[in-house]
Amino acid sequence: IDSRFTDDFMEQYIDGDTFLNHETGTFQGTEEGENIANFRSDEAITTVLDAIPSLSSCANNAIMCCFGRDRQPNDDNGNCAEPLDTKCRYADPADNSNLCWTDTDIPTFSDPFAFPEKSEGPIHCHGLA
């Protein structure tokens with residue numbers, strides 16, 4: 001997809017610790033945005049993902065990517081708006097899921113972290129199998 005998206009980078013992405021996770025705004029018109037768009041339209045349907053080492057112990061062979069904030073304005077997928085520094089940094093995503101349980105390495109959460117009979121707040125998820 002992009003020469004910078006090495007195996008180590010993808011592991012960090014899954015952990016939520018790359019510029020793709022942290023930056024606010026759209027990647028449209030950027031090098032990585034164009035590379036992602038080209039991959040999506042030209043190769044994504046026929047590409048088989050390589051093994052992801054940190055997911056090798058996943059018994060269900062599926063992952064769910066969930067986002068707790070909206071970082072991209074003007075896409076009707078949350079309340080992020082311009083100017084980014086005041087109306088997007090802590091914006092809520094369009095809520096399409098009900099998170100019941102998550103397994104995380106964030107030190108402030110128990111592992112696994114459950115949401116029994118309470119809301120996790122707005123969260124937007126996409127599944128990968």
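Not measured: the values here are computed from a predicted model.

Q: Even after reading the chapter, I still don't get the overall build of the protein chain, so can you show me in this structure?
A: Regarding its fold elements, the protein chain presents four helices and four strands. Of all 129 residues assigned to the protein chain, the portion counted as buried reaches 20%. Look at the contacts in the protein chain between residues 6 or more apart in sequence, and 52% of them connect residues 24 or more apart. Surface accessibility of the protein chain: about 9,500 Å² in total, with carbon and sulfur atoms responsible for 51%.

Q: Can you walk me through the packing of aromatic side chains in this structure?
A: Aromatic ring pairs: the centre-centre distance and the angle between the two ring planes describe each pair. Applying the stated rule across the entire model yields three aromatic pairs. Measuring from centroid to centroid gives 5.7 Å for Phe9 and Phe19, while their planes differ by 50 degrees, and the two rings are tilted. Separated by ten residues along the polypeptide, Phe9 in helix α1 (residues 7-14) and Phe19 in helix α2 (residues 19-22) bring together distant segments of the chain. Judged by its relative accessible area of 9%, Phe9 falls in the buried class. For the pair Phe19 and Phe27, a centre-to-centre distance of 6.1 Å together with 75 degrees between the ring planes defines the contact as edge-to-face. The structure contains a cluster of three or more aromatic residues connected by ring pairs, namely Phe5, Phe9, Phe19 and Phe27.

Q: Help me out: how do you make sense of the environment of Cys125 in this one?
A: Locating Cys125 in the fold gives a position in strand β4 (residues 124-128). Given a relative accessible area of 10%, Cys125 falls into the buried group. Along the primary structure Cys125 and Gly68 are separated by 57 residues, whereas in three dimensions their C-alpha atoms are 8.9 Å apart.

Q: When you look at the pattern of salt bridges in this model, what are you seeing that I'm missing?
A: What the rule picks out here adds up to two salt bridges. In the salt-bridge network here, residues are joined through shared partners; they are Asp2, Arg4 and Glu32.

Q: Honestly, unusual backbone geometry in this entry has me stumped. Any pointers?
A: Note the cis peptide between Glu82 and Pro83, where omega equals 5 degrees. Within the secondary structure layout, Pro83 lies in the loop between β1 (63-67) and α4 (84-87). Its identity is not glycine, yet Asp76 carries a phi of approximately 55 degrees, on the positive side. Along the chain, the position of Asp76 falls in the loop between β1 and α4.

Q: Before we go on, may I ask you to explain the state of the cysteines in this structure?
A: Following the criterion strictly, the structure yields two disulfides and no others. Here Cys66 is linked by a disulfide to Cys125, with a sulfur-sulfur distance of 2.2 Å. Sign of the S-S torsion, about 110 degrees for the bond between Cys66 and Cys125, identifies this disulfide as right-handed. Remark: Cys125 occurs in strand β4 and Cys66 occurs in strand β1; sequence separation between them is 59 residues. Here Cys80 is linked by a disulfide to Cys88, with a sulfur-sulfur distance of 1.7 Å. With the S-S bond torsion at -95 degrees, the cross-link from Cys80 to Cys88 turns out left-handed. Both residues of the pair, Cys80 and Cys88, count as buried.

Q: Would you mind showing me how to read the side chain of Thr18 here?
A: Looking at the element boundaries, Thr18 is found in the loop between α1 and α2. Within the structure, Thr18 has its side chain in polar contact with the side chain of Asn21 (distance 2.7 Å). With residues up to four places along the chain from it excluded, the contact list for Thr18 reads Phe9, Gln12 and Tyr13.

What counts, and where the lines are drawn
- Every chain begins its residue count from 1, and numbering advances along the sequence as written.
- Two thresholds apply to this predicted model, a pLDDT of at least 70 for residue-level local features and 80 or more for giving and counting side-chain atom pairs, whereas whole-chain, interface and lining totals are computed over all residues.
- Excluding hydrogens and water, the side-chain figures rest on all heavy atoms present in the structure.
- Runs of H or I in DSSP of at least four residues are treated as helices and runs of E of at least two as strands, each being numbered from the N terminus.
- Exposure classes here rest on a 1.4 Å probe applied to the protein chains alone. A residue is buried below 20% of its type maximum, exposed above 50%, and partly exposed in between.
- We call two residues in contact whenever any of their non-hydrogen atoms come within 4.5 Å of each other.
- Accessible surface area values rest on a Shrake-Rupley calculation with a 1.4 Å probe, where residue burial reflects the displayed protein chains alone.
- Between rings of Phe, Tyr and Trp, where Trp is taken as its six-membered ring, a pair exists when centres lie within 6.5 Å; planes separated by under 30 degrees are stacked, by over 60 edge-to-face, and by other angles tilted.
- Salt bridges are identified by distance alone: a Lys or Arg side-chain nitrogen within 4 Å of an Asp or Glu carboxyl oxygen.
- Count a disulfide wherever a pair of cysteine sulfur atoms falls within 2.5 Å.
- Polar contact is the term for a pair of N or O atoms within 3.5 Å; when the atoms are in protein, one must be able to donate a hydrogen and the other to accept it, and sequence-neighboring residues count only if both atoms are side-chain atoms.

As far as function goes, none of this settles anything; it's purely spatial.
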